[in-house]
Amino acid sequence: FRRIAPLVRESGLEQTLHGILKRLLDRLIGQRLKLVWVHGDFTLDNILVDESGDQVVGILDWDYSQPLALPFLDLLYLLWREAVRRTGSSMGEVFSQALLPGRLDSAARSHCTEYMRALSLSGSLYVPLAILCWAHHIACHLEYPEMYRYPDLLSEEVVPALTAATAALDAV
């Protein structure tokens, strides 16, 4: 959130960001989260499959990997990037839809449920972790501007996501 604050400050949404951060802390304090190894750029482009397409045989591009990171980063990024590819929507729009109850398609919902069960995570952590994954995504845009050239980052990614995060935190 520190990396996002200067961008948000320029738009007058700093109070919204601070409100979301406070509510996230309230939800996460006392929770035990298993930190996991993350790829950092987990997309279908970085997954090698065999000729039949049924078996993963390798994962490419580990430049942004981290040994201890929040759970869900790779899974949600993969699901969100594929939704962007399928729909032509911005990542901010896809994220906003993914936070609203019942908006995940059944396959994505099944993957998220299975992942949370495997890590013994409460279902109530989906929204806070999804918001933190979004914040990580935006922070990467800001940290690596040479890789992520995105002129409308604030209007297309940040503003819709802040609105959706506020609504999602109100709903849970």
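Residues numbered from 1 in each chain as written. Predicted model: local features only at pLDDT ≥ 70, side-chain atom pairs only at ≥ 80, totals over all residues. Heavy atoms only, no water.

Examining the packing of aromatic side chains
With the rule as written, the count across this model stands at four aromatic pairs. Both rings, one in phenylalanine 72 and one in tyrosine 126, keep their centres 5.8 Å apart while their planes meet at 85°; by these two values the pair is edge-to-face. Note that phenylalanine 72 is positioned in the loop between strand 4 (66–69) and helix 3 (73–87) and tyrosine 126 in helix 6 (residues 126–143), a separation of 54 residues in sequence. Comparing phenylalanine 72 with tyrosine 126, the two get one shared label, buried. (Phe/Tyr/Trp six-rings, centres within 6.5 Å; stacked < 30°, edge-to-face > 60°. Helix = DSSP H or I, 4+ residues; strand = E, 2+ residues; numbered from the N terminus. Buried < 20%, exposed > 50% of the residue type's maximum accessible area, 1.4 Å probe, protein only.)

Remarks on the side chain of serine 96
Summarising the element assignment, serine 96 is placed in helix 4 (residues 91–99). Reaching out from serine 96, the side chain makes a polar contact with the backbone oxygen of proline 160 at a distance of 3.1 Å. Apart from residues no more than four positions distant in its own chain, serine 96 is found in contact with Pro160, Ala161 and Ala164. (Polar contact = N/O pair within 3.5 Å; in protein donor to acceptor, adjacent residues only side chain to side chain. Contact = heavy atoms within 4.5 Å.)

Some details on the packing of helix 4 against helix 6
Look at helix 4 against helix 6: their axes get within 10 Å of each other, and the N-to-C directions meet at 170°. One way to sum up the angle between helix 4 and helix 6 is to call them roughly antiparallel. Contact residues: helix 4 offers Met91, Phe95, Ala98 and Leu99, while helix 6 offers Tyr126, Val127, Ala130, Ile131, Trp134 and His137. Taken together, the residues of the contact of helix 4 with helix 6 sort by class into nine nonpolar, one polar and no charged. (Axes fitted to C-alpha atoms, helices over the stretch in contact; angles between N-to-C directions. Parallel < 35°, antiparallel > 145°, perpendicular 65-115°, else oblique. Nonpolar A, V, L, I, M, F, W, Y, C, P; charged D, E, K, R; others polar.)

Describing helix 7 (residues 153–171)
With 19 residues, helix 7 extends 26 Å from end C-alpha to end C-alpha; this agrees with the ideal 27 Å at 1.5 Å per step. On its buried face, helix 7 sits against helix 1 (5–11), helix 2 (14–28), helix 4 and helix 6. (Expected span 1.5 Å × (residues − 1).)

A short note on unusual backbone geometry
Notably, phenylalanine 72 is not glycine yet its phi reads approximately 90°, a positive angle. Of note, the phi angle at serine 120 is positive, near 55°, even though the residue is not glycine. Among the structural elements, serine 120 can be located in the loop between helix 5 (106–118) and helix 6. Taking the relative accessible area as the measure of exposure, serine 120 reaches 61% and is therefore exposed.

Some details on the nonpolar core
The biggest cluster of nonpolar side chains holds 50 residues, and the ones touching the most others in it are Phe72, Leu76, Trp80, Leu99, Tyr126, Ile131 and Trp134. Residue assignment for this core shows that the elements contributing at least two residues are helix 1, helix 2, strand 1 (36–38), helix 3, helix 4, helix 5, helix 6 and helix 7. Top contributing element to this core by residue count: helix 6, with ten residues. Among residues more than four places away in sequence, those in contact with tryptophan 80 are Met91, Val94, Phe95, Ala98, Ala130, Cys133 and Trp134. (Core = buried A, V, L, I, M, F, W, Y, C linked by side-chain atoms within 4.5 Å.)

Re helix 2
Taking 1.5 Å per residue as the helical rise, helix 2 with its 15 residues ought to reach 21 Å, and the 21 Å between its terminal C-alpha atoms agrees with that figure. Within the span of helix 2, buried status applies to Leu17, Ile20, Leu24 and Leu28. Along the long axis of helix 2, the arc covered by the buried residues comes to 65°, so they all point the same way. Looking at helix 2, the residues exposed on the side facing more than 90 degrees away from the buried face are Gln15 and Lys22. Close packing links the buried residues of helix 2 with helix 1, helix 6 and helix 7. Where helix 2 terminates, the next one or two residues include glycine 30, which has phi positive at roughly 90°. (Arc of directions from axis to C-beta.)

These values are about where atoms sit, not about what they do.
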